[in-house]
Amino acid sequence: MIISVASGKGGTGKTTVATNMALALGEKVELLDCDVEEPNAHLFLKPQITRTEKVETPIPLIDLEKCTACRKCSDICRFNAIAVVGKKVLVFPELCHSCGGCMVVCPEKAIVETGRELGTISYGHRNGIRFINGRLRVGEAMSPPLIRKVRAAADPERVTIIDAPPGTSCPVIAAMNGADFILMVTEPTPFGLHDLRLAVGAVRVLGIPCGLVVNRSDIGDQKVFAYAESEGLPILMTIPFDRRIAEIYSRGKAIVEEMPEWKERFVDLYRKIEALATSRSGASQCVK
Amino acid sequence: MKIAVTSAGTQLESEVDPRFGRARYILIVDPETLAFEALDNSANVSAFQGSGISAATMVSDKGAEVLLTGYCGPKAYLTLDAAGIKVVSDISGTVMDAVNAFKNGKVTYATEANKDSHW
């Protein structure tokens, strides 16, 4: 079971929901912080980090002895990462998307693979909860390859909770694609609703069952609730705008540990997700 | 010899387009005869990334030895430099004004990009 916690708008409470659900469920889960541009789940889970490794993405290295400047590599590159001017070949590593096309088309076998550092992946644990996060190298523009590497480290035997980045672009898709359920954390404000609509649109394209957590549910307006109803999106949990919760968060602590009544609510949230994920997949199998 | 000038239009009277990689047109001009060819750069205007690199390759393929433009970014400069093309940046006015300035020797060749990368 893979649950991706996403939102559209940033700052709605993805990390709060992801970390508290992980802590409520305990040993059988793993938490993957895929918000690699600003990972922060570790601040709340407080895992013991046991290992950190560098991650690279493959980029071309051209053997100028063999190269005939035929331009097949620069012609196939959609990203202008290779330029051939006269007899000179230039590679722009930061533009390369690691598709490998240049290596395939080179008739002289003059292109070999080297690497560009994407960032690091750290592994750790807390009370039996497995923890992995990615941290994008400062200056690196492409986060999806790193997000995919973090996800590749997932343990299929565990319930995987993914803390996704905000937005609706490639990094979010990389953090949602292939998940069994998308948990959208939103807030009842016009900004929250605007970005939620965009994010739900992306989830619909991916065809993954989806449900909502409405955070700070007693502020703003009621439009998000009307939207959820009209779209058939189940609201699986509401979290009030409560000073105690805000204080727990601001001290980097877990709601389920400081306010034990919330532990059962997060376990219940998972039970609802489990039921929706399995029943929806059952329904789609019937359609086939 | 041929020189390349970034242009908002297809004529020598057109205004210089200050951008290099995403210029609307690039005019390849013979400064002596004023014979010219207007290259449609629209593919690079809408490129996702690397427009300067691609435009530099195009200018090199046309055999231009000098580029007159407003702004030139680091990857474009690197590509132009590899192609042996001299760059004059901070050009404005019409294409004709730029060509005249070049003919009268009133241009200074750049030694580096004058615009940051667009990340």
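Because the structure is a prediction, the values reported are computed rather than measured. (Residues numbered from 1 in each chain as written. Chains lettered and ligands numbered in written order. Predicted model: local features only at pLDDT ≥ 70, side-chain atom pairs only at ≥ 80, totals over all residues. Heavy atoms only, no water.)

Colleague: I'd like to hear about the interface of chain B and chain A, residue by residue, with values.
Modeller: At the junction of the two partners, chain B supplies 15 residues and chain A supplies 14 residues. Taking both sides of the interface into account, the surface hidden between chain B and chain A amounts to around 1,300 Å²; carbon and sulfur atoms contribute 66%. Between chain B and chain A we count 2 salt bridges in total. Measuring nitrogen to oxygen at the nearest pair gives 2.5 Å for the salt bridge that ties Asp61 of chain B to Arg71 of chain A. Taken together, the links from chain B to chain A amount to 6 residue pairs in polar contact (both at pLDDT 80 or more). Those elements that provide at least two residues to the side of chain B that touches chain A are helix H2 (51-61) and helix H3 (74-82) of chain B. Broken down by element, the side of chain B that touches chain A gets its largest block of residues, 6 residues, from H2 of chain B. Counted by class, the side of chain B that touches chain A contains 6 nonpolar, 7 polar and 2 charged residues. (Contact = heavy atoms within 4.5 Å. Buried area = accessible area lost by both parts, 1.4 Å probe. Salt bridge = Lys/Arg side-chain N within 4 Å of Asp/Glu carboxyl O. Polar contact = N/O pair within 3.5 Å; in protein donor to acceptor, adjacent residues only side chain to side chain. Helix = DSSP H or I, 4+ residues; strand = E, 2+ residues; numbered from the N terminus. Nonpolar A, V, L, I, M, F, W, Y, C, P; charged D, E, K, R; others polar.)

Colleague: Describe the packing of helix H7 (residues 190-206) of chain A against helix H8 (residues 223-231) of chain A, naming the residues involved and giving the relevant values.
Modeller: All names here are of chain A. Orientation of H7 relative to H8, taken along the N-to-C sense of each, is 20°, at an axis distance of 11 Å. In terms of axis orientation, H7 runs roughly parallel to H8. The hand of the H7/H8 crossing is right-handed. Between H7, through Leu193, Leu196, Arg197, Val200 and Arg204, and H8, the contact on the second element is made entirely by Lys223, Val224, Tyr227 and Glu231. The class makeup of the residues in the contact of H7 with H8 is 5 nonpolar, no polar and 4 charged. (Axes fitted to C-alpha atoms, helices over the stretch in contact; angles between N-to-C directions. Parallel < 35°, antiparallel > 145°, perpendicular 65-115°, else oblique. Left-handed = near helix turned anticlockwise from the far one by under 90°.)

Colleague: Explain the environment of Asp268 of chain A to me, using residue names and the numbers behind them.
Modeller: Relative to the elements of secondary structure, Asp268 of chain A occurs in helix H11 (residues 261-287). For the pair Asp268 of chain A and Met103 of chain A, spaced 165 residues apart in sequence, the C-alpha separation works out to 51 Å.

Colleague: Tell me about the sheet that holds strand E3 (residues 36-40) of chain B, and name the residues and values.
Modeller: Where strands meet in a sheet, backbone hydrogen bonds hold them as pairs that are either parallel or antiparallel. Residues and elements named next belong to chain B. Spatially, the 5 strands line up as an open sheet ordered E3-E2-E1-E4-E5, and their pairing is mixed. Each edge of the open sheet carries a strand with a single partner, namely E3 and strand E5 (86-88). Between one strand axis and the next, the sheet turns through 20° on average, direction left out of account. Sheet topology places strand E1 (residues 3-7) next to strand E4 (residues 66-68); 3 bridges connect them, and they run parallel. Its bridge partner lying in E4, Ala4 is registered against Leu67. Along the sheet, helix H4 (residues 95-103) contacts E1, strand E2 (25-29) and E4; its crossing angle with E1, the most-contacted strand, is approximately 150°. (Pairing = 2+ DSSP bridges.)

Colleague: Explain the domain arrangement of chain A to me, using residue names and the numbers behind them.
Modeller: Along its sequence, chain A is carved into domain 1 (2-54 + 119-287) and domain 2 (64-109). Taking the mean C-alpha position of each, domain 1 of chain A and domain 2 of chain A sit 39 Å from one another. (Domains from an automatic or database assignment.)

Colleague: Got a sec to walk through the nonpolar core? Specific residues and values, please.
Modeller: All names here are of chain A. Within the largest apolar cluster, 38 residues are counted, with the highest numbers of intra-cluster contacts made by Val17, Met21, Ile161, Leu183, Trp262, Phe266 and Leu269. Examining the composition of this core, we find that 8 residues originate from one element, H11, more than from any other. Those residues within four positions of Phe266 in sequence are excluded, and the remaining contacts are Val17, Asn20, Met21, Ala24, Met237, Ile239 and Val256. Counting 37 residues, the second largest nonpolar core, distinct from the first, contains Val36, Leu136, Ala179 and Ala228. (Core = buried A, V, L, I, M, F, W, Y, C linked by side-chain atoms within 4.5 Å. Buried < 20%, exposed > 50% of the residue type's maximum accessible area, 1.4 Å probe, protein only.)

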